[in-house]
Structure formats: C-alpha cells, structure tokens
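# An overview of the molecular structure
Below, each chain spelled out in residue letters.
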Amino acid sequence: MIKIRNLTKIFTDGHREVRALDDVDLEINQGEIFGIIGLSGAGKSTLVRCINMLERPQAGVVTVDGTDITSLKGRALRTARQRIGMIFQHFNLLSSRTVFDNVAFPLEITNTPKQEIKTRVLELLELVGLEDRSDSYPAQLSGGQKQRVGIARALANRPQVLLCDEATSALDPETTTAVLDLLQDINRQMGLTILLITHEMPVIQQICDRVAVIEDGSIVENGPVLQVFTAPKTRQARRLVRGVIEIDIPQELLERSANGKQNLLKISFIGASAGKPIMAELMQRFPVTVNILFGRIDQIKDTPFGTLVVELSGDAPALQEAWQFLTQQDLQVEVL
Amino acid sequence: MHTKRTECGFRQTLRSIVHSIIGTSAAGVMIAIATAVLLLSIRTFNPTIQHLLWQATGETLYMVGVAVVLAELIGLPLGIILVVTEKGHVLANALINRILGIVINIGRSVPFIILMVAIIPFTRRVVGTSIGTTAAMVPLTVAAIPFVARLVETALKEVDAGVVEAALAMGASPLQIICKVLIPEALPSLVLGFTITAVNLIGYSAMAGAVGGGGLGDLAVRYGYQRFRGDIMLLTVAVLIVLVQIMQSFGDWAAERLSKK
C-alpha cells in the first residue's frame, strides 16, 4: 500500500546538516497495522510526514496505492492528500468549531453536498462513540474524546491509509488502550491500512502486525511484532523490548545459579505452547525438581506470550535429559 | 464562558451587551455612573455649547467609524498576505513578504499630523476636497491601514501551526486555509484588534482640526485651550473617556463571546 524507497531528508540548521532520514526503505501492506518505533529525534515523525508531503524529502520516492506522492504538486497533491487520513499527538482540532463541524471540515474541503455531510458526520460520530457530544467545542472534551474527534475527522473522506503521528502520546494509559482498540476495530471493519509511529512499546505490542525500529534516521530492524519482541536482533530493539516484556532477575538468584550446580532457565512460550502444561510433564518424566521463580504471560497483538524463570535441580544426567526434552518443545529456552 | 447557543435572540444579545457594559463588573458600574454624571453636567452648559458638543461627538464618530471600516477592509487582506507569504507558510513568497513589510513599516513610522498634510493632494483626488470632516477621513484611513495589517498579522500568527498543518494534511487549498482555518480561529483576536484600532483612531482624530475636520479634539483645542474655557476642555475629555470605555468594553465582550477556548 505504501512503498518507501531510498527516502532521505536533510534539515539544515545554520551551517549544520542533520540527516533526519537516511536512505530509508519500507513497505507497508494493504490492511495491516504497521508500527514505527524510535526514541525522540530518531526521525520517525519526519518519516510519517514525508508520506503526505508535509515534509518534502531531498531524495527518494513514496508511493501510496500506486501513486508517486513525491512527484505531485498543487491540486494533484491536495487530491492525493484527501485519500490519506492523519491524526496527531496534540489532536489539532479547530477550537472555533464544534465536534460536528470539525468532522465536517474535510468534507467541506472536498465540496461534499450539505445533506451528505450531515449523514456522514453522524455516521462517523457514532463510529467513534461521540454522538452525544456533537455540539460541544474541543475545549470541553477530554484528551481521549479529542482524539476520537481526530479519528472521525481523518476518516471522513474514506481514506485508504491512516497515518498516526504519536497519536496516543498525550493520553494516559487507559485512554491510550481505548483509542488503540478503536483503531484496531476500524482496521478490521474497513480494512484500513494504518501506519503509526510511537515511542511507546506497549502501543506496538497491543495493535501492530509489523514493526520497524528507527534510529538516527535509519531503519535498524524490521519484522513481524512477535519476532521482534521474542527474538530482537539488534541492540536498539532489545533495549526497547526489555522495558515491556523482559524481566529483571534479582542479582542474588543469578549468583546462586553461577555458584552452585543449579540450572536457572528462562523459558518463553509463544502462541499455542503457552497453553500447554510443559512443566508438569517435565517433572513427571524426569527425576528433577522444578522451582518456579518467576512467571508471566503477555499478549502481543492476539498472540499470548509466556515467560517463565525456573531453577532445575537434580542429577547431571537427569538435568541433561530434561534439557533435551525442553529444547524439543516449541519453546525458546535460555540458560541464565 | 458563553456556550449556550439557544441564547441567541436579539433581545438577549442586547441584554448581554448592556450587562457587559454596565451590569457585571465594577468597571461597568463606573462607566454607567460616569455616563450619567456626564450627561447631567452637559445640561448645565448653554445651548450653543451643548449643540457644539453633540456636533463634535457626531463628527468624531463619523470620521472614526468610516475610517476604521475602510482600514479593516484594506488592512485585513494585507495582514493575511503578510502571514501566508512568510517562509514555510501556505503561500510562502519571500519577495512579497519583504516588500509588504517594508511598506507597512514606512506607513507606520510617519507621524499622523505630517501624514495628514503630506497626502493632501491624494485626499483631494479621492474625496474632491482637502478640508472638512470627510477630508480628514482619508488620512485617518491611510494611517490605520498599516496598523490594522500588523494587528491582523499578530492575531493570525497566534493560530496553532498544528491546526494549519492538519488542514494541509486533509488537502485544503491555501484559500480554504485562510477562510476556514486562519480567520475563524483568530476571530476573537481580530475583534480585539478592531477595538484597538478604533480607540487609536479616536486619538488620531483629535488632530483632524488641522484640516478643519472638526470633532471632539478640535473642539477642545479651539474652545478649551485657545479661549481659555477649561470647563469645555474637561467636558470634551470626559466625553472621549466615556466613548473609549464603552468601545473597549464592547470589544472585550464580543471577543470573549466568540472565543470557544
């Protein structure tokens, strides 16, 4: 749906040149929710703004649904932009317009007939659950409600793509979850392609199908969310993942493991294996004792993801066999 | 904040105006008392003076009223051009922006009394005469245009850049951004700017006597100062004070009413 090739954007600040984007390649498929994560200043905001030409790149090509956006100007660019919805961190609603009129705004821009505007706006307000706030002004709404208005407004002209520029960063965790749920519903109902950028790993974890990690203007890692979460390849990705699902094991336990003969294992269960009673089977089949030190289960989009830290004790041969058994399962086992 | 949209009838509006001017604040009460005292003291003067005073008040309101409307009509587009031609804005154009900025600064740096005399030939071309109240309106308008343009510029710059960006992202044209985003979003500030212009023009209009324009300032100079009538001087100043207070209160009320923030 969105193809980004060799995208480069350089900002000049006096005599200093800042490479905000350095030869970025990315492909976003029709109907998926794609996340771009990075720390502030990594270039993610510039990247998303290059997709609707709010920033013009120095080099590279961006195509949205087959149209080369980078080559467009004037009226042609405006028409293309009408097919790309966008929501913002600070919502950017018109303070002088009511909720209804804010959602009607993009329809006025495309010269939609009045009666049609009315039906469409009411339909959208119902979709985002704000039918009763139609006459309120943005100043009277909470952050979450403002972002819902933003979403309704972005969807008004039935775009193929929705760009989310740190759309939940100004919201509290609970509201963030609600807004993300809404985005996911929209993605499922309408098959809308969503590209979201964020610095919050939980956002990626909750709704994204694929994720790209950006640092210093370059994509350093890119893949399905589950893969990046469970087996991050780069240092940057590991650092981001650690905050969310990684566990901190007390130093004392690690030392105990290093000194003694005990085996401290970290076992990760992904998907279906998270439901299997593997530990029980292990204890029944082998003369080993399992001491569970830590356990948790997370959800990455729709896939359950379990983590268990166990201490195995027993004879060396038994431990060996237990280890063999574990590695044959559909699990990731790691000795700590 | 005024948010009830049902309260829209003419009578309610009128009531709110009266309320805002006299009813709600200590300042409002002061204005009401001052106005009453003023009207009573005017009646203690002889009928000729009274007639002169009312006539001068009418001249001032006429000059200022017409000049402020004309200046807004011309200054508003200029202010908009100043903003949208700025670097990075919707119609960025460094050359136009620079030239317009310089012209406006020149206009603002000429003292009014000099401007009034300097443009006499122009005034004669426009209204057919260089003497009288109508003739004074021309330099008043000319002086107010650059002032309005700068006030409009300041008001429009207050509009959140993110909102303009959102409109651009939706595919709005520059004209749509001006008419549907910049002006409506800045409306309360624009109204305050309009008030400031009107109040300022009352000050400028005191110099209209120099071209026989009449008005309250002229009355104060000719009768109060040159004929040593301190009481008339005081009276005209009191009328000016009350006029300015009423205009400012009304402007504040209207801006507050329009603001949805």
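Let me begin by describing the structure that accompanies this report. (Residues numbered from 1 in each chain as written. Chains lettered and ligands numbered in written order. Predicted model: local features only at pLDDT ≥ 70, side-chain atom pairs only at ≥ 80, totals over all residues. Heavy atoms only, no water.)

### Let's talk about the sheet that holds strand 7 (residues 161-165) of chain A
Residues and elements named next belong to chain A. Taken in spatial order, the six strands make up an open sheet running 6-7-8-3-9-10, and their pairing is mixed. Bordering the open sheet on either side are strand 6 (84-88) and strand 10 (218-224), each of which pairs with just one other strand. Taken over all neighbouring pairs, the strand axes of this sheet differ in orientation by 15 degrees on average, direction set aside. Bridge analysis of strand 6 against strand 7 gives five bridges, and the strand direction is parallel. When the sheet's bridge partners are listed, Ile-84 is paired in strand 7 with Val-161. Strands strand 6 and strand 7 of the sheet are contacted by helix 5 (residues 143-155), whose axis makes an angle of about 170 degrees with strand 6. Each of strand 3 (33-37), strand 9 (210-215) and strand 10 touches helix 9 (residues 235-242); the most contacted strand, strand 9, lies at about 115 degrees to it. (Pairing = 2+ DSSP bridges. Helix = DSSP H or I, 4+ residues; strand = E, 2+ residues; numbered from the N terminus. Axes fitted to C-alpha atoms, helices over the stretch in contact; angles between N-to-C directions. Contact = heavy atoms within 4.5 Å.)

### Things to note about the interface of chain B and chain A
Contacts between the two partners involve 22 residues from chain B and, on the opposite side, 24 residues from chain A. Carbon and sulfur atoms make up 59% of the surface buried where chain B meets chain A, a total of about 2100 Å² over both sides. The largest contributions to the chain B side of the interface with chain A come from Met-170, Lys-180 and Lys-260 of chain B, which together make up 30% of the buried area. Between Glu-165 of chain B and Arg-49 of chain A there is a salt bridge; the shortest N-O distance is 2.7 Å. Between the two partners, chain B and chain A, sit six residue pairs in polar contact (both at pLDDT 80 or more). When residues of the side of chain B that touches chain A are traced back to their parent elements, those giving at least two are helix 8 (161-169) and helix 9 (174-205) of chain B. No other element matches the seven residues that helix 8 of chain B contributes to the side of chain B that touches chain A. (Buried area = accessible area lost by both parts, 1.4 Å probe. Salt bridge = Lys/Arg side-chain N within 4 Å of Asp/Glu carboxyl O. Polar contact = N/O pair within 3.5 Å; in protein donor to acceptor, adjacent residues only side chain to side chain.)

### Digging into the nonpolar core
Residues Ile-2, Ile-4, Ile-36, Leu-47 and Leu-195 of chain A are the most contacted members of the largest nonpolar core, which totals 93 residues. For this core, the element with the most residues is helix 3 (residues 47-84) of chain B, which contributes twelve residues. Those residues in contact with Ile-2 of chain A, other than ones at most four positions away along the chain, are Leu-26, Glu-27, Ile-28, Ile-51, Val-62, Thr-63, Val-64, Val-161 and Leu-195 of chain A. Of all hydrophobic cores here, the second largest spans 51 residues; its members include Phe-100, Val-128, Ile-151 and Ile-186 of chain A. (Core = buried A, V, L, I, M, F, W, Y, C linked by side-chain atoms within 4.5 Å. Buried < 20%, exposed > 50% of the residue type's maximum accessible area, 1.4 Å probe, protein only.)

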